[in-house]
Amino acid sequence: MQKKDLFKMIPQVEEILKHSSIEELDYSRSLKTEAIRDVLDEIRGKIIKSNDDEVRKLESQINFDNIIVMVEERIFSFLIKSDKWNWNYSSYKFRKIIT
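Quick caveat: nothing in here was measured; it's all calculated off a predicted structure.

Conventions used here
Residue numbers restart at each chain and count upward from 1, following the sequence in its written direction. The model is predicted, so local features are restricted to residues of pLDDT at least 70 and side-chain atom pairs to those at 80 or more, both for listing and for counting; the totals for chains, interfaces and linings are taken over all residues. Think of the side-chain values as coming from all heavy atoms in the structure, minus any hydrogens and water. Strands here mean DSSP runs of E at least two residues long; helices mean DSSP runs of H or I at least four residues long; both are numbered from the N terminus. The criterion used for residue contact is that any of the two residues' heavy atoms lie within 4.5 Å. To be clear on the numbers: accessible area is Shrake-Rupley with a 1.4 Å probe, and residue cover counts the displayed protein chains and nothing else. Only one rule defines a salt bridge in this text: a Lys or Arg side-chain nitrogen within 4 Å of an Asp or Glu carboxyl oxygen. Relative accessibility thresholds used throughout: buried, under 20% of the residue-type maximum; exposed, over 50%; partly exposed, between the two (1.4 Å probe, protein chains only). Among buried residues, the Ala, Val, Leu, Ile, Met, Phe, Trp, Tyr and Cys ones that are joined through side-chain atoms within 4.5 Å form a nonpolar core. Given the number of residues in a helix, its expected span is that number minus one, multiplied by 1.5 Å.

Novice: Even after reading the chapter, I still don't get the overall build of the protein chain, so can you show me in this structure?
Specialist: Assigned secondary structure in the protein chain consists of six helices and two strands. The linear arrangement of helices and strands in the protein chain, starting from the amino end, is α-α-α-α-α-α-β-β. Pairs at least 24 residues apart make up 64% of the contacts formed inside the protein chain by residues separated by at least 6 positions. Entry remark: accessible area of the protein chain is about 6,900 Å², with carbon and sulfur atoms responsible for 48%.

Novice: Sorry if this is basic, but what is going on with the pattern of salt bridges here?
Specialist: It is possible for side chains bearing opposite charge to pair when their charged atoms get close. For the coordinates displayed, the defined rule picks out six salt bridges. We note a salt bridge from glutamate 42 to arginine 74, for which the minimum N-O separation is 2.6 Å. Residue glutamate 42 is located in helix α4 (residues 29-49), and its partner arginine 74 is located in helix α6 (residues 64-81); the two are separated by 32 residues in the primary sequence. Assessed through its relative accessible area of 31%, glutamate 42 is described here as partly exposed. Arginine 74 gets classed as buried once you look at its relative accessible area, which sits at 15%. Salt bridges sharing common partners tie together Asp38, Glu42, Lys46 and Arg74.

Novice: Can you walk me through the nonpolar core in this structure?
Specialist: Formed by 23 residues in total, the largest nonpolar core has its most connected members in Ile16, Ile43, Ile67, Val71 and Ile75. Counting only elements with at least two residues in this core, the list comes to α2 (13-17), α4, α5 (52-61) and α6. Looking at which element gives the most residues to this core, the answer is α4, with seven residues.

Novice: I tried to follow α4 on my own but got confused; where do I start?
Specialist: An α-helix turns once every 3.6 residues. As a result, residues three or four positions apart point the same way. The end-to-end C-alpha separation of α4 is 30 Å, in line with the 30 Å expected for 21 residues at 1.5 Å each. Along α4, the residues that are buried comprise Leu31, Lys32, Thr33, Ala35, Ile36, Val39, Leu40, Ile43 and Ile47.

Rendered as structure tokens:
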């Protein structure tokens, strides 16, 4: 597989936004979109910098389910960095701290 083929495997932002696990997250569309674009940019960067051996590894890593998980993690990491959010371990959801 060549790099150009890996780029074709990357889903569109809108396709990811419509995935049920992303849709059900109770956060703004702009936050979700920012996280998606951040993840997709990271993937594109890895493809650009990869050599032939790394291209083969990336091929197995770039799939829709993995990308969804990466986006969810990125959303959560954005929220953790914010002072206005707190991780609720019992429900695995974030909740806003009322101040």
